[in-house]
Each structure stands twice: as structure tokens, then as C-alpha cells.
Amino acid sequence: MTPKNFSFVFEDAIPAVSPHITILARHNELDTARLGITVPKKKVKNASDRNQIKRIVRESFRLQRHQLPNVDIIVIAKHGIGKMDNKALAEQLEKLWRKISKRCEQPTT
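Rules used in this analysis
Residues numbered from 1 in each chain as written. Predicted model: local features only at pLDDT ≥ 70, side-chain atom pairs only at ≥ 80, totals over all residues. Heavy atoms only, no water. Helix = DSSP H or I, 4+ residues; strand = E, 2+ residues; numbered from the N terminus. Contact = heavy atoms within 4.5 Å. Salt bridge = Lys/Arg side-chain N within 4 Å of Asp/Glu carboxyl O. Buried < 20%, exposed > 50% of the residue type's maximum accessible area, 1.4 Å probe, protein only. Pairing = 2+ DSSP bridges. Axes fitted to C-alpha atoms, helices over the stretch in contact; angles between N-to-C directions. Parallel < 35°, antiparallel > 145°, perpendicular 65-115°, else oblique. Left-handed = near helix turned anticlockwise from the far one by under 90°. Nonpolar A, V, L, I, M, F, W, Y, C, P; charged D, E, K, R; others polar. Polar contact = N/O pair within 3.5 Å; in protein donor to acceptor, adjacent residues only side chain to side chain. Core = buried A, V, L, I, M, F, W, Y, C linked by side-chain atoms within 4.5 Å.

1. Section: the side chain of Ser101
Turning to its location among the elements, Ser101 is positioned in helix H3 (residues 86-105). Beyond its immediate stretch of four places on either side in the chain, Ser101 contacts Gln67, Leu68 and Pro69.

And the structure:
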């Protein structure tokens, strides 16, 4: 996703939050879901740890993509995510995918 797409999502986002991850979503005009990931250097110092987190997020998204509505999704890492093991991170993401999917299906009032 481009910076313009990120701005589009931030303008009117549907959130799903956990202690270590925030997911923001907004409906798009495409036939598929798209993913953007931010893992700030302030939150995870080591570059290889940041890359590992991004790989896990992308893999989790790939496995859940067919169940998600047509939305643009931004995954934002929060403080403490670097201390999570890979399995816990994947489980947390799975819960958040379900939560964001339900919230995006609800009609807006």
C-alpha cells in the first residue's frame, strides 16, 4: 500500500485492538483485502526482530485473506510486541482478524 492508501485508512478507520497490536481497517473499492504493516524502530529496536514480526503478520494475513471483506488493513505494532513468541503473535493476529472481519461486516449508522 502507498502512503496515500495509509492516509485513506487513518481518516475513517475501524479498529481492532490488543495489548501488543492495533489493526485499522477501512472498506476499499477492490475485490480483495490489502495489507500495510508498521513496526516502529522505537517499539522493536533490532531490525531482524522487526522483519520477523512483519513476516509473521504477512503469513497470518495470507492464511486469513479469503475470510476478510474487501478492506485495506494497517497492522501497527505496539510496545512489548518484540517480547512475544511467534506462536503467541500468530494466535493474537488470528483473534484480531476475526474481530476486524466482524466489525467490517456490521452496517455503519
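2. A word on the pattern of salt bridges
A complete count under the given rule lists 4 salt bridges for this structure. Across the pair Glu11 and Arg26 runs a salt bridge, and its minimum N-O distance is 3.5 Å. One end of the pair, Glu11, is in helix H1 (residues 3-11); the other, Arg26, is in strand E2 (residues 21-27), and 15 residues separate them in sequence. Glu11 sits in the exposed class, given a relative accessible area of 63%. A residue is classified by how much of its surface remains accessible, and Arg26, at 19% relative accessible area, is buried. Among the salt bridges present, the one from Arg62 reaches Glu59, with a minimum N-O distance of 2.7 Å. Placement of both Arg62 and Glu59 in helix H2 (residues 47-64) is noted, with a separation of 3 residues, approximately one turn of the helix. We classify Arg62 as exposed; its relative accessible area is 53%.

3. A look at the pairing of E2
Taken residue by residue, a regular strand's side chains alternate between the two faces of the sheet. Most of E2 sits inside the fold, with 6 of its 7 residues counted as buried. With 4 bridges joining them, strand E1 (residues 14-17) and E2 adopt antiparallel strand pairing. Residue pairing across strands places Ala16 opposite Ile23, the latter belonging to E2. For E2 and strand E4 (residues 71-77), the ladder comprises 7 bridges, and the chain directions are antiparallel. Across the sheet, the residue bridging to Ile21 is Ala77, located in E4.

4. With respect to the packing of H2 against H3
Between H2 and H3, whose axes approach to 10 Å, the crossing angle comes to 40°. Judged by the inter-axis angle, H2 sits oblique to H3. Along this stretch, H2 crosses H3, giving a crossing that reads as right-handed. Contact residues: H2 offers Gln52, Ile53, Ile56, Val57, Ser60, Phe61 and Gln64, while H3 offers Asn86, Leu89, Ala90, Leu93, Glu94 and Trp97. Classifying every residue of the contact of H2 with H3 by side-chain character gives 8 nonpolar, 4 polar and 1 charged.

5. Observations concerning the environment of Asn5
Mapping Asn5 onto the fold places it in helix H1. In this structure Asn5 comes out as buried when scored by relative accessible area, which is 17%. C-alpha separation for the pair Asn5 and Gln92, spaced 87 residues apart in sequence, amounts to 25 Å. Side-chain polar atoms of Asn5 contact the side chain of Thr2, separated by 2.8 Å.

6. Examining the nonpolar core
Counting residues in hydrophobic clusters, the biggest one holds 27 residues, and the most contacted among them are Ile23, Ile73, Trp97 and Ile100. Ranked by residues supplied to this core, first place goes to H3 with 6 residues. Filtering out sequence-adjacent residues up to four positions away, Ile23 remains in contact with Ile14, Pro15, Ala16, Ile73, Ile74, Val75, Leu96, Trp97 and Ile100.

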